[in-house]
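Observations on the three-dimensional arrangement
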Amino acid sequence: MDTNLTLFFLYLVAVICVTGVALTERSTPISVKEVYMFSGTLALIGCISEVAINNFYRAAFDSSLWTYQVAPVHHGDTSIFAFFQWSLYGYHLYFVRKKLQSYKIKYEEYIFAVFLAIEALLLEIFVNISSNYFLNTFIFYYVPGDMGHFTTVFVFPFYLLGGAILIGIFNRFLKDPMFFGTLSFSVAFIFVFLT
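Some points on the overall build of the protein
Broken down by element type, the protein carries six helices and four strands. Going from N to C terminus, the protein has its helices and strands arranged as α-α-β-β-β-α-α-β-α-α. Compactness check: the protein gives a C-alpha radius of gyration of 16 Å against a globular reference of 16 Å for 195 residues, within 12% of the reference. By residue count, 44% of the 195 residues in the protein fall in the buried class.

What follows is the structure, encoded as structure tokens:
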């Protein structure tokens, strides 16, 4: 499984990198520091939010919303693989945000939050279909079966809220992207690998 997991991760890296390049124009300046900060921030916010949201859901509805099937930690609420998966998603969101900013449209931040929520559901379906091919299992298994256990509409409000929160975090963290990127990666690493 380790070889398959590595191949799966490299596949995801390739898909995300190609998508990032496709989203930007040659004239779009790319800041490595900002990409690093986006990746670190999502590693931190994603993993911690998964544990918090799943615990909230269990308290409110007496059932988990999802369970990680690959390298689970924190009672299956997140996983070691999620650290890398969320980092990749942060990389991707950097390019999504750059593309939205290039349009110079009104309410860009609201559009970003809605786009993030819709896209996250689609990406979860893509990741789970791909993981079935590479690993013969879901990365994360959603307990509600409304969308074939690949994802669920029940996470949409959490993604929408998360997108709104991330806008404020990104705006603040961009003032010192290397510091906040390193801080985020460090806290996420401790949370996922050492607790």
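Further notes follow.
Quick word on the packing of helix H2 (residues 32–61) against helix H6 (residues 177–193)
Direction vectors running N to C along H2 and H6 enclose 30 degrees, while the axes themselves pass 7 Å from each other. Comparing the axis directions of H2 and H6 gives the class roughly parallel. For the element pair H2 and H6, the recorded crossing hand is left-handed. Contact with H2, carried on its side by Lys33, Glu34, Tyr36, Met37, Ser39, Gly40, Thr41, Ala43, Leu44, Cys47, Ile48 and Val51, involves Pro177, Met178, Phe180, Gly181, Thr182, Ser184, Phe185, Val187, Ala188, Phe191 and Val192 of H6 and no other residues of that element. Partitioning the contact of H2 with H6 into residue classes produces 15 nonpolar, six polar and two charged.

Overview of helix H1 (residues 2–23)
Residue pairs three or four apart in sequence face the same way in an α-helix, which turns once every 3.6 residues. An ideal rise of 1.5 Å per residue puts 32 Å on 22 residues; H1 measures up with 31 Å between its terminal C-alpha atoms. Of the surrounding secondary structure, the elements contacted by the buried residues of H1 are helix H3 (80–103) and helix H4 (108–135).

Section: the side chain of Asp77
With respect to the helices and strands, Asp77 occurs in the loop between strand S2 (72–73) and strand S3 (78–79). Of note is the side chain of Asp77, whose polar atom sits 2.8 Å from the side chain of Asn54. Among the polar contacts made by the side chain of Asp77, one reaches the side chain of Arg58 at a distance of 2.8 Å.

Thoughts on the packing of aromatic side chains
For the coordinates displayed, the defined rule picks out 29 aromatic pairs. Geometrically, the ring pair formed by Phe8 and Phe81 is stacked, given 5.7 Å between the ring centres and 25 degrees between the ring planes. Of the two residues, Phe8 sits in helix H1 while Phe81 sits in helix H3, which places them 73 residues apart along the sequence. Residue classification places Phe81 among the buried positions, given a relative accessible area of 5%. Ring geometry for Phe83 and Phe189: centres 6.3 Å apart, planes at 80 degrees, overall edge-to-face. Separated by 106 residues along the polypeptide, Phe83 in helix H3 and Phe189 in helix H6 bring together distant segments of the chain. Overall, the relative accessible area of 38% leaves Phe189 in the partly exposed class.

Calculation rules
Residues numbered from 1 in each chain as written. Predicted model: local features only at pLDDT ≥ 70, side-chain atom pairs only at ≥ 80, totals over all residues. Heavy atoms only, no water. Helix = DSSP H or I, 4+ residues; strand = E, 2+ residues; numbered from the N terminus. Rg over C-alpha atoms; globule rule 2.2 N^0.38 Å. Buried < 20%, exposed > 50% of the residue type's maximum accessible area, 1.4 Å probe, protein only. Axes fitted to C-alpha atoms, helices over the stretch in contact; angles between N-to-C directions. Parallel < 35°, antiparallel > 145°, perpendicular 65-115°, else oblique. Left-handed = near helix turned anticlockwise from the far one by under 90°. Contact = heavy atoms within 4.5 Å. Nonpolar A, V, L, I, M, F, W, Y, C, P; charged D, E, K, R; others polar. Expected span 1.5 Å × (residues − 1). Polar contact = N/O pair within 3.5 Å; in protein donor to acceptor, adjacent residues only side chain to side chain. Phe/Tyr/Trp six-rings, centres within 6.5 Å; stacked < 30°, edge-to-face > 60°.

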